[in-house]
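Spelled out, the chains give:
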Amino acid sequence: MSTSFIRPKLSIPTTLANIKNTFAPVMVALINNDTELRMVKIKGEFIWHSHPNTDELWYILEGGPLTIRYKAPANTDKGEEEGDGKEGSEGKEEAVVLEKGDVFIVPEGVQHCPFSTEEVSCLVVERTGTLNTGDRGVGERTAVIQDVRN
């Protein structure tokens, strides 16, 4: 049986050391051809955006803390269903502060804005082809995702 389809291992510490720019994600793994594991360094504030077709998982590798501000779906009164988190149905702004080792999922469609005053290295998991700027589309903050797999 051939193992030519198996990629060699990848060193997370080495890959992190090679990331020089903030807000420039690199793909370190692809799972089932539809889910990417990306690493990114963040320092400063990104833009408000959502990902209409995918959840976004954040895992803090080092540094930080990372604050993710988000607009929680609006709750409706008298037992009605919660808002869907899509633009226009957000409730009040909330925030979660993530430290090394923490994991947090931003549900699909939820407006969010990550920022950090100190550099933080993150592993981000989301659907293949997802723009880092989400529903804001292509703009000056949109990154070309570099594939650093061996």
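Quick note: structure is the one above.
Residues numbered from 1 in each chain as written. Predicted model: local features only at pLDDT ≥ 70, side-chain atom pairs only at ≥ 80, totals over all residues. Heavy atoms only, no water.

Caption draft 1: Summary view of empty space enclosed by the protein. In the structure shown here, the tally under the stated rule is one cavity of 30 Å³ or more. Forming the boundary of the largest cavity are 13 residues, of which Pro25, Val40, Glu56, Trp58 and Asn132 lie nearest the centre. Those elements that provide at least two residues to the lining of the largest cavity are strand S2 (35-45), strand S3 (56-63) and strand S7 (112-127). (1 Å grid on protein atoms, 1.4 Å probe; cavity = no way out; pocket = protein on both sides within 12 Å on 5 of 7 lines; lining within 4 Å. Points joined across faces, edges and corners; volume = space filled by probe spheres on them. Helix = DSSP H or I, 4+ residues; strand = E, 2+ residues; numbered from the N terminus.)

Caption draft 2: How the structure looks around the pattern of salt bridges. Applying the stated criterion across every chain, the model contains five salt bridges. Note that Glu126 is salt-bridged to Arg38, the shortest N-O span being 2.7 Å. Linking Glu126 in strand S7 with Arg38 in strand S2, this pair joins segments that are 88 residues apart in sequence. In this structure, Glu126 and Arg38 share a single accessibility class: buried. (Salt bridge = Lys/Arg side-chain N within 4 Å of Asp/Glu carboxyl O. Buried < 20%, exposed > 50% of the residue type's maximum accessible area, 1.4 Å probe, protein only.)

Caption draft 3: Geometry of unusual backbone geometry. Omega for the bond connecting Gly64 with Pro65 falls within 30 degrees of zero, at 10 degrees, which places this linkage in the cis form. As for its placement among the helices and strands, Pro65 is situated in the loop between S3 and strand S4 (66-73). One non-glycine residue, Phe23, adopts positive backbone phi at about 55 degrees. Its place among the elements puts Phe23 in the loop between helix H1 (12-18) and strand S1 (26-31). Residues other than glycine seldom take positive phi values, yet Asn32 does so here, at roughly 55 degrees. In this fold, Asn32 is placed in the loop between S1 and S2.

Caption draft 4: The arrangement of the environment of Glu36 in detail. Its location among the elements puts Glu36 in strand S2. A residue is classified by how much of its surface remains accessible, and Glu36, at 8% relative accessible area, is buried. Note: C-alpha distance between Glu36 and Thr130 (94 residues apart in sequence) is 9.1 Å. Residues within four places of Glu36 in sequence aside, it is in contact with Met27, Ala29, Leu30, Val124, Val125, Glu126, Thr128, Gly129 and Ile145. A distance of 2.8 Å separates polar atoms of two side chains, one belonging to Glu36 and the other to Arg38. (Contact = heavy atoms within 4.5 Å. Polar contact = N/O pair within 3.5 Å; in protein donor to acceptor, adjacent residues only side chain to side chain.)

The quantities given are spatial measurements derived from coordinates; they are silent on function.
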